[in-house]
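For reference, the chains in residue letters:
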Amino acid sequence: MAADRDSVRERHPAGATAAGRPRASRLDQPRAPRRRLLPEYDPEAFGRMSERIARFIGTGRFLVWMTVVILVWVLWNVAAPRHLRFDEYPFIFLTLALSLQASYAAPLILLAQNRQDDRDRVNLEQDRKQNERSIADTEYLTREIAALRTGLGEVATRDWIRSELQDMMKDLEELRDGHREPAVFPADHPRGRDMDDR
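Asker: Quick question: what am I supposed to make of the overall build of the protein chain here?
Answerer: Regarding its fold elements, the protein chain presents six helices and zero strands. In the protein chain, the succession of helices and strands from N to C terminus is α-α-α-α-α-α. Evaluated residue by residue, the protein chain yields a buried proportion of 9% over its 198 residues.

Structural data, given as structure tokens:
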């Protein structure tokens, strides 16, 4: 039994120096890329190409060229000598070509619309965030202006100080001329401030 365990250890060495063991996937190293049966392509490049095709299909130039091609096709297959015609009267090959063109055009247009919808969604989200920031900034500025207004209500303005100084000058002139007795401030009043404030 001990000999069996020793033979198992020899076949499958363990530990950090286990060189004979088949290499398993390690978590500290990236996996080797798998081989794929389908060819790889860049989705962004394919999307840009589909948008260009969809834009071209949606232009008047495409409609004019397609009309010219169909007219030349029909005229050639009707008026050309019989041995040079390649698509006889029911124009089955033309119908097949047009249906093939339509079957590719519809998904390309949908793909371009989906990409445009994604861009619009991102732009809408950015606009929404910008609007939220603008609203927050406006609210902050409104609060600051309100605080400044309340603060200015307690600050003596130049006009108020000028009017107070003019009143004091008039009082001093009247005192100097002897027309009036000196003003008594509420703190100096014998009854105290509370009596006048009531």
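Further notes follow.
Asker: Whenever I open this one, unusual backbone geometry confuses me. Can you help?
Answerer: Most peptide bonds take the trans configuration, and most residues that are not glycine carry a negative phi. Of note in this structure, F91 is not a glycine but carries a positive phi near 55°. Of note, F91 is situated in the loop between α3 (60–79) and α4 (92–154). A relative accessible area of 13% places F91 in the buried class.

Asker: I tried to follow the pattern of salt bridges on my own but got confused; where do I start?
Answerer: When charged atoms on two side chains of opposite charge get close, those side chains can pair. Enumeration according to the criterion identifies 10 salt bridges in this entry. Note that E51 and R115 form a salt bridge whose closest N and O atoms lie 3.1 Å from each other. With E51 in helix α2 (residues 43–57) and R115 in helix α4, the pair connects residues that are 64 residues apart, well separated along the chain. On the basis of relative accessible area, R115 is assigned to the buried category, the value being 15%. Here D159 makes a salt bridge to R162, at a shortest N to O gap of 3.7 Å. Placement of both D159 and R162 in helix α5 (residues 158–177) is noted, with a separation of three residues, approximately one turn of the helix.

Asker: Mind showing me how you'd approach the packing of aromatic side chains here?
Answerer: Aromatic ring pairs: the centre-centre distance and the angle between the two ring planes describe each pair. Considering all chains together, one arrives at four aromatic pairs under this definition. Centroid distance W73 to F86: 5.0 Å. Interplanar angle 75°. Geometry classified as edge-to-face. A residue pair is termed long-range when its members are at least 10 positions apart, and W73 in helix α3 and F86 in the loop between α3 and α4 qualify at 13 residues. Between the aromatic rings of W73 and F93, the centroid separation amounts to 5.4 Å while the plane-to-plane angle is 40°, which identifies the pairing as tilted. Of the two residues, W73 sits in helix α3 while F93 sits in helix α4, which places them 20 residues apart along the sequence. Residue class for W73 comes out buried when judged on its relative accessible area of 15%. An aromatic cluster is built from W73, F86 and F93, whose rings are joined through pairwise contacts.

Asker: Is there a simple way to explain α5 in this structure?
Answerer: Because an α-helix packs 3.6 residues into every turn, residues spaced three or four apart end up facing the same way. Between its first and last C-alpha atoms α5 spans 28 Å; for 20 residues at 1.5 Å apiece the expected length is 28 Å, and the two agree. Of the residues one or two after α5, G178 is the one with positive phi, at around 85°.

Asker: How should I be thinking about the side chain of S50 in this particular structure?
Answerer: The topology assignment puts S50 in helix α2. Look past the residues within four positions of S50 in its chain and what remains in contact with it is L108, L111 and A112.

Analysis parameters
- Residues numbered from 1 in each chain as written.
- Predicted model: local features only at pLDDT ≥ 70, side-chain atom pairs only at ≥ 80, totals over all residues.
- Heavy atoms only, no water.
- Helix = DSSP H or I, 4+ residues; strand = E, 2+ residues; numbered from the N terminus.
- Buried < 20%, exposed > 50% of the residue type's maximum accessible area, 1.4 Å probe, protein only.
- Salt bridge = Lys/Arg side-chain N within 4 Å of Asp/Glu carboxyl O.
- Phe/Tyr/Trp six-rings, centres within 6.5 Å; stacked < 30°, edge-to-face > 60°.
- Expected span 1.5 Å × (residues − 1).
- Contact = heavy atoms within 4.5 Å.

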